[in-house]
Amino acid sequence: MEKTVSVWMATCEPVAYAGLTDNIETDICVVGAGIAGLTTAYLLLKEGRKVVVIESRHIGAGQTQRTTAHLVNAHDDFYSEIEKIHGEAGIRVAAESHTAAIARIEKIVQDEQIVCDFRRIPGYLFCPPGQSNDILDKELDAATRAGIAGLEIVGRVPVASFDTGKALRYPNQGEFHPLKYLTRLAEIIQAVGGKIYTGTAIKKAKDGARVTIETENGPKITANAAVIATNTPVNDMYAIHTKQAPYLTYAIGCPIAKGTFPSALMWDMESPYHYVRTQPLNENQDLLIVGGEDHKAGQADDQEARHDRLEAWARERFPAMEPVKYRWSGMVMETTDGGAFIGKNPGEKNVYIATGDSGMGMTHGTIAGLLLTDLICGRENSWASFYDPSRKPIAGKAIRKFMSENMNVGWEYLKDWTSFGDRPDVEHLENDQGTVVRRGFQMVAVYRNSKGNLHEHSAVCPHLGCIVHWNNLEKVWDCPCHGSRFDADGKVCCGPAISPLKLLPTTEK
Ligand SMILES: Cc1cc2nc3c(=O)[nH]c(=O)nc-3n(C[C@H](O)[C@H](O)[C@H](O)COP(=O)(O)OP(=O)(O)OC[C@H]3O[C@@H](n4cnc5c(N)ncnc54)[C@H](O)[C@@H]3O)c2cc1C
Ligand code: FES
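An account of the accompanying structure is given in this report. Quick caveat: nothing in here was measured; it's all calculated off a predicted structure. (Residues numbered from 1 in each chain as written. Chains lettered and ligands numbered in written order. Predicted model: local features only at pLDDT ≥ 70, side-chain atom pairs only at ≥ 80, totals over all residues. Heavy atoms only, no water.)

### Remarks on the side chain of His98
Point 1. Topologically, His98 is positioned in helix 3 (residues 79-111).
Point 2. Apart from the residues lying within four places of it in its own chain, the contact partners of His98 are Val72, Asn73, His75, Met360, Thr363, His364, Ile367 and Tyr387. (Helix = DSSP H or I, 4+ residues; strand = E, 2+ residues; numbered from the N terminus. Contact = heavy atoms within 4.5 Å.)

Spelled out as structure tokens, the structure:
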């Protein structure tokens, strides 16, 4: 599994339950115990439904433990931009749903007395040096049209050491400790009658009047409806994966004396952008969390340098920060039109999905809980068509993004299949490193373990046949096409692939 440890993982014990051993029947089966899956399970239980949750690893083991957990109704893709795709009616749905998601997290925290450092704080958007601030006025107008109240342009962000120039201030944003929230939510789900099985991966969800879910270890679940909340849907081969693209993003955490950095979220408009918040650490210190340096998954090999660049960026602006204590990375799924895909899996009757976080998965995951609960309970929801997974990229901007992401996939496929691999000299491969080499027509993912033995797998991703790339920071194989990830021994860390890289007989014992 991934090597780096986020501040959330370091400050919250992982929670796991027993795995599924027998065939079971239930009303709703939720797959994936991240924020999307557990929020959906919790809200369905509140409706009196019988719910089972299946998770391949442990609670929050996917991207929810690797997030930075800004809770915003500001839009990562900018209301001024997504209005060009969805119109004013669309941005009003986006703003209303993200606002409702923060409010729902706040309500759950209050109702269930969850200790997870939740607080309401302002957010600030600013431009990098040399860029015109006009874009802030444009965003202010669009976000106001979207229905967000109380926005204002201020002279700079409230940090003495960092003169950003003008910034757009969003009131009433939020932040929390995502794993403390999620692990408590899991306990509550169990306490009110929900069942959670961890260490249980699904292989298939077969739609029908009753949905059949097959697990890797054999037992099956039969349910009236299934919700696949595996971050990227493992039950879908093509439809969704052509409309979203996997990006890796990086974060560092550095202690800083309390009071040096305000309680606020900040993010800029550089490409790729930076995002900043704090998290209470101890009596005297907060942790300053700085993220950014995004790139398409499997398409960069300078992961460590990206953390260094993040640190240099932060140190120049926040010189009071102490040495870096945490470094981590994770994946976000960028959709072609800025909205997540939440609703019925295209072409199916009783299988639902929640995916396409677009870097806003804390709120999109909570929106999934609210929207899917309505859909499953047969209620109208005015957000449904905006988030419909069957929607097509119809506006010019979305079509261009759709074309460029899919041309990129085609290019990666061709380039890798006609190359000699990353670095053909396996003899010089250091311990705990990997590389891809060509042997005749075969592309081989070679990993030298900590004892010096070579582990060899086919480098062909079992999803749709692209060639995986070594990620030396996380010590995993990343697929550049749709984001499947495999550990050094070829086991699936995340989909859409559901089967491991094929082990080759040349592997040394
Ligand atoms: C560095 C970073 C910073 C981010 N910052 C923000 C932010 O500030 N604000 C924000 O809103 N979002 C942010 N995001 C995005 C957000 O963290 C994610 O979108 C969100 O956590 C995804 O939640 P999820 O429940 O959809 O998926 P996950 O948390 O990935 O949960 C999916 C679960 O499904 C399980 N699973 C996978 N396959 C199977 C299978 N076959 N069978 C059973 N279980 C399976 C996984 O183990 C996992 O636990 C950030 C992400 C990263 C990486
Ligand atoms: S994730 Fe689709 S080919 Fe690898």
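### Quick notes on the packing of aromatic side chains
Point 1. The final tally for this structure, using the stated rule, is eleven aromatic pairs.
Point 2. Measuring from centroid to centroid gives 5.0 Å for Phe176 and Tyr181, while their planes differ by 55°, and the two rings are tilted.
Point 3. For Phe176, a relative accessible area of 0% gives the class buried.
Point 4. Judged by centre distance (5.3 Å) and plane angle (40°), the rings of Tyr273 and Tyr275 are tilted.
Point 5. Given the relative accessible area of 9%, Tyr275 is considered buried. (Phe/Tyr/Trp six-rings, centres within 6.5 Å; stacked < 30°, edge-to-face > 60°. Buried < 20%, exposed > 50% of the residue type's maximum accessible area, 1.4 Å probe, protein only.)

### A word on the site of ligand 1
Point 1. Looking at ligand 1, there are 36 residues lining it, with Glu55, Gln63, Thr64, His70 and Met362 nearest.
Point 2. Within the backbone of Gln63, an N or O atom sits 2.8 Å from an oxygen atom of ligand 1.
Point 3. Between ligand 1 and Ala69 there is a distance of 3.4 Å, counted from an oxygen atom to a backbone nitrogen or oxygen.
Point 4. About the coverage of ligand 1: the protein hides 95% of its 1,000 Å² of free accessible area.
Point 5. In terms of residue class, the shell around ligand 1 is made up of 15 nonpolar, 17 polar and four charged.
Point 6. Mapping the shell around ligand 1 onto the domain boundaries places at least three of its residues in each of domain 1 (7-66 + 179-242 + 338-400) and domain 2 (244-335). (Near = heavy atom within 4 Å. Polar contact = N/O pair within 3.5 Å; in protein donor to acceptor, adjacent residues only side chain to side chain. Areas by Shrake-Rupley, 256 points an atom, 1.4 Å probe, with all protein chains shown as cover. Nonpolar A, V, L, I, M, F, W, Y, C, P; charged D, E, K, R; others polar. Domains from an automatic or database assignment.)

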